[in-house]
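Reading the structure
Below, each chain spelled out in residue letters.
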Amino acid sequence: MAHTITGHTGFMGLLGDPVAHSISPQMHNTAFQLLGLDYVYLCFPVGEKELPAAVQGLKSCKIRGFNLTMPNKNRMAELCDHLSPAAELIGAVNTVVNDNGVLTGHNTDGTGFLRSLTEAGCPVKGSTITLMGAGGAATAICAQAALDGAQAIRIFARPTSRFWARTQELAQKLTCRTSCQVTLLENEDEKNLASSLKESQILINGTSVGMAPRTEDSIIRDAALLDPHLTVADVIYNPRQTRLLTMAREQGCCTLNGMYMLLYQGAEAFRLWTGQDMPVEEIRARYFS
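All chains use their own residue numbering, which begins from 1 and follows the written sequence. Given that this is a predicted model, residues contribute local features only at a pLDDT of at least 70 and side-chain atom pairs are listed and counted only at 80 or more, while totals for whole chains, interfaces and linings are drawn from all residues. Side-chain numbers here rest on the full set of heavy atoms in the structure, without hydrogens or water.

Some details on the UniProt feature "binding site: NADP(+)" (unreviewed entry) in the protein
- Feature annotation in UniProt assigns "binding site: NADP(+)" (unreviewed entry) to the following positions: Gly133, Ala134, Gly135, Gly136, Ala137, Val235 and Gly258. Within the annotated group just given, the residues that line the largest cavity are Ala137, Val235 and Gly258.
- Numbering of helices and strands starts at the N terminus; helices are DSSP runs of H or I of at least 4 residues and strands are runs of E of at least 2. Inspection of the secondary structure assignment puts alanine 134 in the loop between strand E7 (128–132) and helix H6 (136–147).
- Whether two residues touch is decided by their heavy atoms; if any such pair falls within 4.5 Å, the residues are in contact. In this structure, alanine 134 is in contact with Thr139, Ala157, Phe163, Arg166 and Thr167, ignoring residues within four places of it in sequence.
- Residue position: glycine 136 is located in helix H6.
- Not counting residues within four places of it along the chain, the set of residues in contact with glycine 136 comprises Lys73, Asn74, Ile90 and Ala92. UniProt positions are given in the numbering used here, feature names are shortened, and annotations may be inferred rather than shown by experiment. Points on a 1 Å grid over protein atoms alone make up a cavity when a 1.4 Å probe fits among them but cannot get out, and a pocket when they form an open set with protein on both sides within 12 Å along at least five of seven lines; lining residues each have an atom within 4 Å of a point.

Quick look at the pairing of strand E2 (residues 39–45)
- Note: strand E1 (residues 10–16) against E2, seven bridges, orientation parallel. If you follow glycine 10 over to E2, its bridge partner there is tyrosine 39.
- As a crossover connection, the stretch from E1 through helix H1 (residues 24–35) into E2 is right-handed. Two strands pair if DSSP finds at least two bridges between them. Look down the strands so they point away from you; if going from the first strand over the helix to the second traces a clockwise path, that crossover is right-handed.

Focus: the side chain of threonine 128
- One can find threonine 128 in strand E7.
- Apart from residues no more than four positions distant in its own chain, threonine 128 is found in contact with Gln151, Ala152, Arg154, Glu199, Ser200, Gln201 and Ile202.

Focus on empty space enclosed by the protein
- Grid points are joined across faces, edges and corners, and a volume is the space filled by probe spheres set on the points. Summed over all chains, the structure comprises one cavity of 30 Å³ or more.
- What the largest cavity holds in volume is close to 370 Å³.
- What lines the largest cavity is a set of 22 residues, among which Thr69, Lys73, Val235, Tyr237 and Leu262 lie closest to the centre.
- For the lining of the largest cavity, the secondary structure elements donating two or more residues are strand E3 (65–68) and helix H10 (259–274).
- No other element matches the three residues that H10 contributes to the lining of the largest cavity.
- Here the lining of the largest cavity is composed, by residue class, of 11 nonpolar, nine polar and two charged. Each residue is assigned to one of three groups, with Ala, Val, Leu, Ile, Met, Phe, Trp, Tyr, Cys and Pro labelled nonpolar, Asp, Glu, Lys and Arg labelled charged, and all others, Gly among them, labelled polar.

Written out as structure tokens, the structure is:
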């Protein structure tokens, strides 16, 4: 039965640029209908410059909560009234809960992505990870992997990135607070990259390189660096098979994309907003098979 929208219907949403490709509306709206919850979920094409005004508008409209995607996760951390411990450590927010105008920022990206790795047969505990990128998704994954018992994480990013200093600080915090050795390196340092990949069990692309419409790009340019012992994971889910994953599969690597990260981080956001568990199996069968 179709959901009838009334004057009582609440709404959630996704703020990012681009957002037209997102399957979050299907996922959340189906979950609302399955559980009989009177909400709708919409996408809003909003970039960093427009974000403060958009957030103020959503507060005024009494939105219950919303998600953030690229490029808004770090900026949103500055706009919240409160941050969860994980969001404060990472400095990035992908989920906001609005309690009567008080915005609390959470980050569910790390837990979602690591759950997808575990279900693919590649738990992070005791592993060495090469992580490409220093943005919101990458640092969320880094922090959660360190907290979950990874042995070492080598982050490769551009030294010109505006997130470089923040990521260096995060690496130092995680090294001090956990048993994981976290190091930040330049992504053009081919010698260190090759060495890191040889010693790693997991390679994660935490950047937007390879996302539609620039699907021919790959964060790793030399396929010979992708040894078959690696599990290669990409946070991108559009396309589902990125150029990086194609290269890795041709080299004999186990691969996975960002689809289940989307599912599991969305399920946690859903719980934060509604107090109910998303019917994950039904959503997985409809949109992730």
